[in-house]
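# Working through the structure, step by step
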Protein chains: 2
Amino acid sequence: MAARRRDKRRTANGVEFPLAQSSGFLVRDANRAFQRLLEKRITPHGIARGQWYFLRVLLSEDGLSQRELSARVGTMEPTTVIALRSMEKAGLIRRVRSAEDKRRSQVWLTPKAQRLRDELLALARGITDEAEAGIARAELAAFRRVVARMTANLDRVKA
Amino acid sequence: MAARRRDKRRTANGVEFPLAQSSGFLVRDANRAFQRLLEKRITPHGIARGQWYFLRVLLSEDGLSQRELSARVGTMEPTTVIALRSMEKAGLIRRVRSAEDKRRSQVWLTPKAQRLRDELLALARGITDEAEAGIARAELAAFRRVVARMTANLDRVKA
DNA sequence: TTCCATTGCATAGATTTCTAAGTATTATGT
DNA sequence: ACATAATACTTAGAAATCTATGCAATGGAA
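Nothing here was measured: the structure is a model prediction, and the numbers come from that model.

Surveying the vicinity of DNA strand C reveals 23 residues, the closest of which are A48, G50 and P78 of chain A together with R67 and P78 of chain B. Of all the elements in the fold, those that place two or more residues in the surface near DNA strand C are α2 (49-60) and α4 (77-89) of chain A together with α3 (66-73) and α4 (77-89) of chain B.

So, about the protein's contact with DNA strand D. Within the structure, DNA strand D sits among 23 residues, and R67 and P78 of chain A together with A48, G50 and P78 of chain B are positioned closest to it. Listed by contribution, the elements that provide at least two residues to the surface near DNA strand D are α3 (66-73) and α4 of chain A together with α2 (49-60) and α4 of chain B. Its residues placed into classes, the surface near DNA strand D shows seven nonpolar, seven polar and nine charged.

This paragraph deals with the sheet that holds strand β2 (residues 93-97) of chain A. Residue and element names in this part refer to chain A. The three strands lie next to each other as β1-β3-β2, forming an open sheet whose pairing is antiparallel. With one partner strand each, in any of the chains shown, β1 (64-65) and β2 form the two edges of the open sheet. Here five bridges tie β2 to strand β3 (residues 105-109), and the two strands are oriented antiparallel to one another. When the bridges of β3 are listed, R97 appears paired with S105.

Turning our eyes to something else, we now look at the relation of the copies chain A and chain B. The transformation that overlays chain A on chain B combines an axial shift of 0.0 Å with a rotation of 180°, and the residual RMSD is 0.1 Å. A rotation of that kind, with that shift, is consistent with a two-fold axis. Within chain A, the C-alpha atom positioned nearest to the axis of rotation is that of F143 of chain A, 2.7 Å from it. Interface overlap between copies: 100% of the residues of chain A at the interface are likewise at the interface in chain B, consistent with a symmetric, same-surface contact.

We now examine the confidence of the model for chain A. Residues and elements named next belong to chain A. Residue-level pLDDT values for chain A average 88, and 89% of them are 70 or greater. When the elements of chain A are averaged for pLDDT, helix α1 (residues 23-42) gives the smallest value, 93, and β1 the largest, 97. Every residue in residues 1-11 scores below 50 in pLDDT, and together they form seven contacts with partners more than four places removed in sequence or on other chains.

Spatial ordering of the open sheet is given by β1-β3-β2 (chain B), a layout of three strands whose pairing is antiparallel. Each having just a single partner strand, β1 (64-65) and β2 (93-97) of chain B make up the two edges of the open sheet.

To continue, consider the interface of chain A and chain B. Counting residues at the interface gives 61 residues for chain A, matched by 61 residues for chain B. Of all the secondary-structure elements, those providing two or more residues to the side of chain A that touches chain B are α1, α2, α5 (111-132) and α6 (137-156) of chain A. A class-by-class count of the residues in the side of chain A that touches chain B yields 29 nonpolar, 12 polar and 20 charged.

For α2 of chain A, every residue scored as buried is listed here: Q51, W52, Y53, F54, L55, V57, L58 and L59 of chain A. Against α1, β1, α3, α4, β3 and α5 of chain A lie the buried residues of α2 of chain A.

Another point: the packing of α5 of chain A against helix α6 (residues 137-156) of chain B. Each pair of packed helices gets described by two things: the angle between the helix axes and the distance between those axes. The geometry of α5 of chain A relative to α6 of chain B is characterised by a closest axis approach of 7 Å and an angle of 120° between their N-to-C directions. If you check the angle between α5 of chain A and α6 of chain B, you find them oblique. Seen from α5 of chain A, the contacting residues are E130, A131 and E132 of chain A; seen from α6 of chain B, they are M150, N153 and L154 of chain B. Classifying every residue of the contact of α5 of chain A with α6 of chain B by side-chain character gives three nonpolar, one polar and two charged.

On to the packing of α3 of chain B against α4 of chain B, then. All names here are of chain B. Put simply, α3 and α4 touch, their axes get as near as 9 Å, and they point 105° apart. In terms of their interaxial angle, α3 and α4 are classed as roughly perpendicular. Contacts between α3 and α4 involve Q66, R67, L69 and S70 from the former and E77, T80 and L84 from the latter. Residue composition of the contact of α3 with α4, grouped by class: two nonpolar, three polar and two charged.

Once that is clear, we can look at the environment of M76 of chain B. For M76 of chain B, the position within the fold is in the loop between α3 and α4. Along the backbone, M76 of chain B and L140 of chain B are 64 residues apart, and their C-alpha atoms lie at a distance of 29 Å.

With that settled, consider the pairing of strand β3 (residues 105-109) of chain B. Bridge count for β1 of chain B against β3 of chain B is two bridges, and the pairing is antiparallel. The residue bridging S65 of chain B from the neighbouring strand is Q106 of chain B, located in β3 of chain B.

So, on to the nonpolar core. The tendency in soluble globular proteins is for nonpolar side chains to be buried side by side. F34, F54 and L55 of chain A together with F34, F54 and L55 of chain B are the most contacted members of the largest nonpolar core, which totals 77 residues. Those residues in contact with F34 of chain B that lie beyond four places of it in its chain are G24, V27 and L154 of chain A together with I127 and A131 of chain B.

Turning our eyes to something else, we now look at the environment of E39 of chain A. Residues and elements named next belong to chain A. With respect to the element layout, E39 can be found in helix α1. Using a count of 13 C-beta atoms within 10 Å as the deciding quantity, one classes E39 as partly exposed. Along the sequence, E39 and R49 sit 10 residues apart, while their C-alpha atoms lie 5.7 Å from each other.

Rules and cut-offs
- Residues numbered from 1 in each chain as written.
- Chains lettered and ligands numbered in written order.
- Predicted model: local features only at pLDDT ≥ 70, side-chain atom pairs only at ≥ 80, totals over all residues.
- Near = placed C-beta within 6 Å.
- Helix = DSSP H or I, 4+ residues; strand = E, 2+ residues; numbered from the N terminus.
- Nonpolar A, V, L, I, M, F, W, Y, C, P; charged D, E, K, R; others polar.
- Pairing = 2+ DSSP bridges.
- Least-squares fit on C-alpha atoms with pLDDT ≥ 70 in both.
- Contact = placed C-beta atoms within 7 Å.
- pLDDT = per-residue confidence, 0-100.
- Buried ≥ 20, exposed ≤ 12 C-beta atoms within 10 Å, placed from the backbone.
- Axes fitted to C-alpha atoms, helices over the stretch in contact; angles between N-to-C directions.
- Parallel < 35°, antiparallel > 145°, perpendicular 65-115°, else oblique.
- Core = buried A, V, L, I, M, F, W, Y, C linked by C-beta atoms within 7 Å.

Okay, here's the thing in structure tokens:
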């Protein structure tokens, strides 16, 4: 199919850099695959993708401020505001203005969210298991080391 | 800081699954790191992040249909429509309705985009180099194998 | 040939995310 | 004490992405 019109296509000259060799492209693909499956699995629980990451963090560490949550989840604060607003509307969290520092909001899971805890963590584990199927322990450990190193490398770049 | 309010926080019981051990989270982090740096570097060239991936594919294989492009880039077709519209407005591509099949649009890079080719591929290579700094060749090869396997694993899941 | 399914692209509307800028509260330096 | 800076959150607006649906062209079956 690609060959059908090959004659019309520009032959690549000069610099070459096939996509298949791009770590960034591979990571992007994997990320979308994770997100697609995640979304399929959490939607039946009434949870949206944008809510998931915050829920996931709060399940381990409840009562964080919005800024702390943003740091843990890795999103900018306006994103956090939007996600938390929808989570509050969905009855998953409460936001409590701190008495000592009135700028601060602390975020607490509701009993409803607490009750979902084991089910959601099992769901997360399930997706991870699907992803990691057939990959050796040692390879996974190496993978985690490399991908974390890449993130650190990129975060360290000035511009 | 976390310890300061530990007493108030729910102690995790039952299932546990620390975020730091989640491949999905690691991949998401890496993806955002790639995207952040990418955006910083392409913006000065007048290219938006959403345009990048299509440009990147077209630089290797010009004259694809929108459906083929969607498949290569890995986005849904409405996303492709939006990206291509902005690229056409920006003078990076032309869309030519196929004569043999009037449903079909073929997408061609403009001379302007062609002239950016070597610069953009070098830019892509540069980001990859930053990401991969200090990681051994063998580890990179293993990484690529694992991440591609994860994507394939996830894509194969029914629901 | 004519009808129906398929294919290729587009539109509509929602969600998730960002940057830039604004508001309220608290901390700090003089 | 007061002005200024820093902090915590919010709003506004734009971009990128998705699902669901629609429309036009093509192909295939009866």
